[in-house]
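Residue strings, one per chain:
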Amino acid sequence: MAGMIALILALQLIGEALVRLTGAPVPGPVVGMLLLVALLVVRGGPPPALSRLAETLLGHLSLLFIPAGVGVISYLGLLADRWLAVTVTVIASTLISLLATALTLRFLLNRSPEDPS
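Residues numbered from 1 in each chain as written. Predicted model: local features only at pLDDT ≥ 70, side-chain atom pairs only at ≥ 80, totals over all residues. Heavy atoms only, no water.

Taking an unreviewed UniProt entry as the reference, the chain is identified by name as CidA/LrgA family protein belonging to Spiribacter roseus. In its Subcellular location (unreviewed entry) section, the UniProt entry covering the chain states "Cell membrane". (UniProt positions renumbered as here; feature names shortened; annotations may be inferred.)

Caption draft 1: Looking closely at the overall build of the chain. Within the chain, the secondary structure is distributed over six helices and zero strands. Its helices and strands in sequence order give the chain the pattern α-α-α-α-α-α, from N to C terminus. Carbon and sulfur atoms make up 75% of the accessible area of the chain, which totals about 9,300 Å². Taking the average location of the 6 positive side-chain charges in the chain and that of its 5 negative ones, the two points are 4 Å from each other. (Helix = DSSP H or I, 4+ residues; strand = E, 2+ residues; numbered from the N terminus. Areas by Shrake-Rupley, 256 points an atom, 1.4 Å probe, with all protein chains shown as cover. Lys, Arg positive; Asp, Glu negative; His and termini not counted. Charge placed at Lys NZ, Arg CZ, Asp CG, Glu CD.)

Caption draft 2: Summary view of the nonpolar core. Counting five residues, the largest nonpolar core is built from M4, L11, L36, L50 and L53. For this core, the secondary structure elements donating two or more residues are helix 1 (2-22) and helix 3 (48-59). Contact partners of L11, with chain neighbours within four places excluded, come to G32, L35 and L36. (Core = buried A, V, L, I, M, F, W, Y, C linked by side-chain atoms within 4.5 Å. Buried < 20%, exposed > 50% of the residue type's maximum accessible area, 1.4 Å probe, protein only. Contact = heavy atoms within 4.5 Å.)

Caption draft 3: Local environment of the confidence of the model for the chain. On average, residues of the chain score 91 in pLDDT, and 96% of them are at 70 or above. Put simply, helix 4 (residues 66-74) is where the chain has its lowest mean pLDDT, 88, and helix 6 (residues 83-110) is where it has its highest, 95. (pLDDT = per-residue confidence, 0-100.)

Caption draft 4: Examining the packing of helix 1 against helix 2 (residues 28-43) more closely. Relative to each other, helix 1 and helix 2 sit at 125°, their axes nearing to 7 Å. Judged on the interaxial angle alone, helix 2 and helix 1 are oblique. Read as a crossing pair, helix 1 and helix 2 show a hand that is right-handed. For the pair helix 1 and helix 2, contact is made by L7, L11, Q12, I14, G15, E16, L18 and V19 and by G28, P29, V31, G32, L35, L36 and L39, respectively. (Axes fitted to C-alpha atoms, helices over the stretch in contact; angles between N-to-C directions. Parallel < 35°, antiparallel > 145°, perpendicular 65-115°, else oblique. Left-handed = near helix turned anticlockwise from the far one by under 90°.)

Caption draft 5: Broad picture of the UniProt feature "transmembrane region" (unreviewed entry) in the chain. On the UniProt side, "transmembrane region" (unreviewed entry) is annotated at positions that read residues 27-45, 57-77 and 83-109 here. Taken end to end, residues 27-45 is 84% helix and 0% strand, and its two terminal C-alpha atoms sit 25 Å from one another. Across residues 83-109, the secondary structure splits into 100% helix and 0% strand, with the terminal C-alpha atoms separated by 39 Å.

Following this line, the structure appears as structure tokens:
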């Protein structure tokens, strides 16, 4: 499992380096995640050790929200000053996510079983 953690951290580091080198307006961890997806597609799926790591991380997912909660409390004054922008952004991003999910689901459900693409 330590090897898979090292792989994920290495891909995140590569993503950070690519973002810094190119100046792309995307967070480095997102680029690292895209690299991981590409690696898994080329490989044909995750190795068992990576699947176990993913299950372990998902089992403790609630712990990952603690830093975000601390950040919200730390910047409560700033959030109070900009509550309207934050509220509009949260609502808009939620609606966009729901729309993207619905469209993806509709696309996947309309595909015929014999259509491999």
